[in-house]
Amino acid sequence: MPIAQIALDVPLDTLFEYTAVGAQAEDVGRLALVPFGRGRRVGVIVGFAETPTVEAGRLKPVTRVLRELPALPADILELARFCAGYYHHPLGQVLATLLPQRLRRMPPARAEEPVWRLSSAGRAVEPSSLPQRAVRRRRLLATLKERGELSAGAVRAVFPGAGRVMQEFLALGWVERGTATPRVEAPAAPYPLETPPVLNPDQEAAVAAVCAAGEGFSAWLLLGVTGSGKTEVYSRLIAHTLAKGRQSLVLVPEINLTPQTEARFRRRFPQASIISLHSQLAEGERLKRWRLAQEAKADIVLGTRLAVFTPLPRLGLIVVDEEHDISFKQQEGLRYSARDLAVYRARQRGVPMVLGSATPSLESWHNACLNRYHLLRLPRRAVEGARPPRLGLIDIRREALTEGLSARLILALKERLRRGEQSLLFLNRRGFAPVLHCSACGWLAGCPRCAVKLVVHLADRRLRCHHCGHEEAIPRHCPDCGALELNPLGQGTQRVEQALRRLLPEARLLRIDRDSTRRRAALPDMLEKVAAGEVDILLGTQMLTKGHDFPRLTLVGILNADGGLYSADFRASERLFAQLLQVAGRAGRASADGEVLIQTSLPGHPLFAALAQGDYEAFATTLAAEREALHLPPFSFQAWLRAEAHSMEAVMAFLRAARACARPEGVTLYDPVPAPLARKAGKARAQLLVEADSRSALQAFLGPWLVSLNALRARQVRWALDVDPVEP
Ligand code: ADP
Ligand code: ZN
Ligand code: ZN
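Residues numbered from 1 in each chain as written. Chains lettered and ligands numbered in written order. Predicted model: local features only at pLDDT ≥ 70, side-chain atom pairs only at ≥ 80, totals over all residues. Heavy atoms only, no water.

Colleague: Help me understand the side chain of histidine 457, please; the structure alone is not making it clear to me.
Modeller: As for its placement among the helices and strands, histidine 457 is situated in strand S22 (residues 455–457). On the basis of relative accessibility, which here comes to 2%, the residue histidine 457 falls in the buried class. A polar contact of 3.0 Å, which involves the side chain of histidine 457, links it to the side chain of histidine 466. When residues no more than four places from it in sequence are discounted, the contact partners of histidine 457 are Arg430, Gly431, Phe432, Arg462, Arg464, His466, Ile474, Gln494 and Asp515. (Helix = DSSP H or I, 4+ residues; strand = E, 2+ residues; numbered from the N terminus. Buried < 20%, exposed > 50% of the residue type's maximum accessible area, 1.4 Å probe, protein only. Polar contact = N/O pair within 3.5 Å; in protein donor to acceptor, adjacent residues only side chain to side chain. Contact = heavy atoms within 4.5 Å.)

Following this line, the structure appears as structure tokens:
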């Protein structure tokens, strides 16, 4: 009798064995319902064995192989195994991460949504032939004719009680039960066909190079300044892929980028079926789109990091846009890098892949230097006449600021107002002020659960923690000394907004941050207003920095650039450079000349000189030399052992034990240290760094170490390995 090895979503690095009567080799990758503990669970069959590892008599049988549900294709299963091994995460939990939730829930999902459809008898009935007063029956029949099929939910939506009328139709033999036909939905808005522009020579060369490489794995780093037309290059490559009847996978960093990019692709490829996959989809919708991809009914799959796991039987191209973005790395659970997995997948499937960015990650840049990736450059803006913006530094040590705004910046805003041009102000801090301060005793309002200060939100008079969600009313007096004088210190977007309304009352102002865009369609609505020229000054956080094209924008003001220059994170300057170049790129996208003004107290910092030149390569070269000297990634390989518990003593004790049980061969283990956020949501947090000269040395160490760590049985401590971390 075959023994099925089943991966279950439990935090144990083991497979579970069940006897499986009638199961066959083809069932690998299928979902199965199995008894587990006192209940049942849905797991994935990952293999079969001849002999069990435990006494055969103790094995329970698989309850049912769920053959009606889509199975995981072999390549995705293999990708999952790779992930489990590389990130040291249980296979069952890797599979749980990458499968649509609907598929692994109890009770098992039904294959398809049940629907009502007209029978041939029903199709012969004309709604107008029904009696005049049978309004509801006419309506339901007409809706069925129009839509072809209706789910139970759709039936209820026609009018309340439509379900009963449907039962009457069933009795009359007008309708029958069926299952929904998966279908690519026609886009809600009609997308006018976009005529592709004539490529400029750089774009031409890039497209030609990738096409000339032909089939098979090849990796390309498309280094193109903002506005250089990288998307156009992707589009051409996708067109080639489509022409060969193959699927393209396009990964983008942020959820708020998908509608724009999706619209762009729809305009370009009106005949293609395009689906987007992101974390905000309802479960059912996610499953539906996943199946469309798996059944090769989707030609272009556009998605955020999780989309890297989408089954694509006819995969022909992978694109990772804004490849440097840290949102490609998942920060909890399975801590995978979608960018790195995209490279793995492209190699696994033997397809070309393009990583695009104006400021590639130093890892990718290094790979290009080593010729692992072929470098493609788009050094110029694509639109005729568009020039890189001028950069001005404002030394805030010598300027009096009004609510964080220098006189020179205010003057520049006024000038844009007069000329009818748009400005963008960038401040990466939402809320009114970053902290509430008692001037009598120096008390600062802190989060009771985290080691951070509470942010003042004046609009609704609350103090909020941006890390754990704790909130409270702004106190009337100081809880320490009772003084009534409590002052918000520093600036958040809300405070700058208030100041601007006072300073420039005639300006039409729009604030874009997480607070102002909570409502579902808020951001698209706002961006539309900006595009329509109904906004003079845009003020916002990093939500504003990427993707959006604002042709009338000629001034970008950066209110405080210094945070990234003081940080303890060795990647901070890389990030700051990317972010500033990204925001700066918003200015003068079209023909109007752009200007970028940066307020800083360190105007002499070399980062600004490189920024003024707009020279990523010079900056990357300097940065790489620094990292090499300090033996930091990409010149070394790291993993954090991150742990948290109720007390710092418990966390530290665990980490010390972890260090003691390690056999560091070919790796360096550092002392445990408190995490940068040493307390979060009531938990003490600390971590331990492992560093190696090579990926293989790191991996060779982590495997056996993990076994020892599991043997420590630290029940009070939650811990996880973070391989190739992108954050300290
Ligand atoms: P990136 O993604 O590199 O920031 P985009 O692809 O958004 O740049 O292109 C910037 C602008 O230039 C877009 O408005 C795009 O339509 C336009 N564009 C791109 N390629 C060309 C071209 N060859 N000729 C004219 N305009 C172009
Ligand atoms: Zn006080
Ligand atoms: Zn908190």
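Colleague: Mind showing me how you'd approach the environment of serine 573 here?
Modeller: You can see serine 573 is positioned in helix H18 (residues 572–584). Judged by its relative accessible area of 19%, serine 573 is buried. Residues serine 573 and glycine 563, spaced ten residues apart in sequence, show a C-alpha to C-alpha distance of 9.6 Å. In this structure, serine 573 is in contact with Gly564, Leu607, Phe619 and Leu623, ignoring residues within four places of it in sequence.

Colleague: What is the right way to look at the coordination of the zinc ion (ligand 3) in this model?
Modeller: As a benchmark, a tetrahedral metal site with four donors has ideal angles of 109.5 degrees, while an octahedral site with six donors has ideal angles of 90 or 180 degrees. In this structure, Cys447 (SG), Cys450 (SG), Cys465 (SG) and Cys468 (SG) serve as the protein donors to the zinc ion (ligand 3), at separations of 2.2 to 2.4 Å. In this structure, the zinc ion (ligand 3) is coordinated by four donor atoms arranged in tetrahedral fashion, with angles at the metal of 106 to 114°. Going along the chain, you hit the donors of the zinc ion (ligand 3) in the pattern C-x2-C-x14-C-x2-C. Neither cysteine 447 nor cysteine 450 differs from the other in exposure class; each is buried. (Donors = N, O, S within 2.8 Å, 3.2 Å for Na, K, Ca; no water. Tetrahedral: all angles 85-135°; square planar, octahedral: opposite > 155°, others 65-115°.)

Colleague: Where do I start with the coordination of the zinc ion (ligand 2) in this structure?
Modeller: Donor atoms from the polypeptide that coordinate the zinc ion (ligand 2) comprise Cys438 (SG), Cys441 (SG), Cys478 (SG) and Cys481 (SG), at 2.3 to 2.4 Å from the metal. Coordination at the zinc ion (ligand 2) comes from four donor atoms whose angles at the metal span 106 to 111°, giving a geometry best classed as tetrahedral. For the zinc ion (ligand 2), the single-chain donor residues occur in sequence as C-x2-C-x36-C-x2-C.

Colleague: Honestly, helix H13 (residues 362–369) in this entry has me stumped. Any pointers?
Modeller: Of all eight residues in H13, six are buried; the element is thus mostly enclosed. Along H13, the residues that are buried comprise Leu362, Ser364, Trp365, His366, Asn367 and Ala368. In this structure, the buried residues of H13 make contact with strand S10 (218–224), helix H12 (338–349), strand S15 (352–357), strand S16 (374–378), H18 and helix H20 (616–630). At the exit of H13 stands asparagine 371, carrying a positive phi of roughly 65°.

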